[in-house]
Amino acid sequence: MDEVKQQILALLRENIRNIGDFPQPGIQFKDITPLLQNPDTLELTSQVLARPFRSHNVDYVVGLESRGFLFGTNLAQDLHAGFIPIRKPGKLPSDTLSATYALEYGEDTIEIHRDAFSEGARILIHDDLIATGGSAAAATELVEELGGKVVGYSFIIGLKELKGTALLPAKVPVEILLSL
Ligand SMILES: O=P(O)(O)OC[C@H]1O[C@H](OP(=O)(O)OP(=O)(O)O)[C@H](O)[C@@H]1O
Ligand SMILES: Nc1ncnc2[nH]cnc12
């Protein structure tokens, strides 16, 4: 890795804090609010996220509610792609497709608009963090069921111990800025 990238990653790492026992005992919560608060890391993060996907002809960035929205639209703008939200149940106003999956803490359902993109669209799935990989795998299911092609995954943080990338298709590139 080049020196500039190492310095950027060190800066990002310094602006992510660990909160113990949130939202429940035993969970070490990775809080990215300082990353958003600092104008330098706010600007840098989306640039560094976009870099590996500049030549992937991404049509849409699909961002997962809610923290996947924070950098997702900047990332889409940087790649000159559209942005599509995947939301928690009952939030999207038009006809939706749903998937239910297990979380590091609890269970969740996510939804996407059925008319969000046309068949064959090239999709980059983005979230702030990959833990068990359940959310990203469920997002993949939704995109593929609607005829989209997942061309990459983009996360700011990956929780190494949980090996979430094992749930993602082996041949699709996964970019994780910081493995914690
Ligand atoms: O890899 P996984 O085990 O699926 O976990 C990762 C997901 O969990 C968190 O979201 P959360 O459901 O806490 O919602 P939030 O973004 O609205 O806080 C995080 O932002 C990811 O979306
Ligand atoms: N440990 C963690 N910190 C922040 N977000 C999470 N989502 C799932 N696990 C998480």
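Everything numeric in this text was worked out from a predicted model, so none of it was measured.

Asker: I'm lost on the packing of aromatic side chains in this one. Help?
Answerer: Under the counting rule described, the total for this entry stands at four aromatic pairs. Centre to centre, the rings of F22 and F29 are 5.0 Å apart; their planes meet at 85 degrees, and the pair counts as edge-to-face. Note on F29: relative accessible area 13%, which makes it buried. Residues Y153 and F155 carry aromatic rings whose centres are separated by 6.5 Å and whose planes lie at 5 degrees to one another, so their mutual orientation is stacked. Note on Y153: relative accessible area 0%, which makes it buried. Here F155 falls in the buried class, since its relative accessible area comes to 1%.

Asker: Hey, could you run me through the packing of helix α3 (residues 39-50) against helix α4 (residues 68-78) in this one?
Answerer: Between two packed helices, both the angle of their axes relative to each other and the distance between the axes serve to describe the pair. Axis separation between α3 and α4 bottoms out at 9 Å; the angle between their running directions is 55 degrees. By the angle between their axes, α3 is oblique relative to α4. The handedness of the crossing between α3 and α4 is right-handed. Across from L42, T45, S46, Q47, L49 and A50 in α3, the residues of α4 making contact are F71, N74, L75 and D78. In terms of residue class, the contact of α3 with α4 is built from five nonpolar, four polar and one charged.

Calculation criteria
- Residues numbered from 1 in each chain as written.
- Chains lettered and ligands numbered in written order.
- Predicted model: local features only at pLDDT ≥ 70, side-chain atom pairs only at ≥ 80, totals over all residues.
- Heavy atoms only, no water.
- Phe/Tyr/Trp six-rings, centres within 6.5 Å; stacked < 30°, edge-to-face > 60°.
- Buried < 20%, exposed > 50% of the residue type's maximum accessible area, 1.4 Å probe, protein only.
- Axes fitted to C-alpha atoms, helices over the stretch in contact; angles between N-to-C directions.
- Helix = DSSP H or I, 4+ residues; strand = E, 2+ residues; numbered from the N terminus.
- Parallel < 35°, antiparallel > 145°, perpendicular 65-115°, else oblique.
- Left-handed = near helix turned anticlockwise from the far one by under 90°.
- Contact = heavy atoms within 4.5 Å.
- Nonpolar A, V, L, I, M, F, W, Y, C, P; charged D, E, K, R; others polar.

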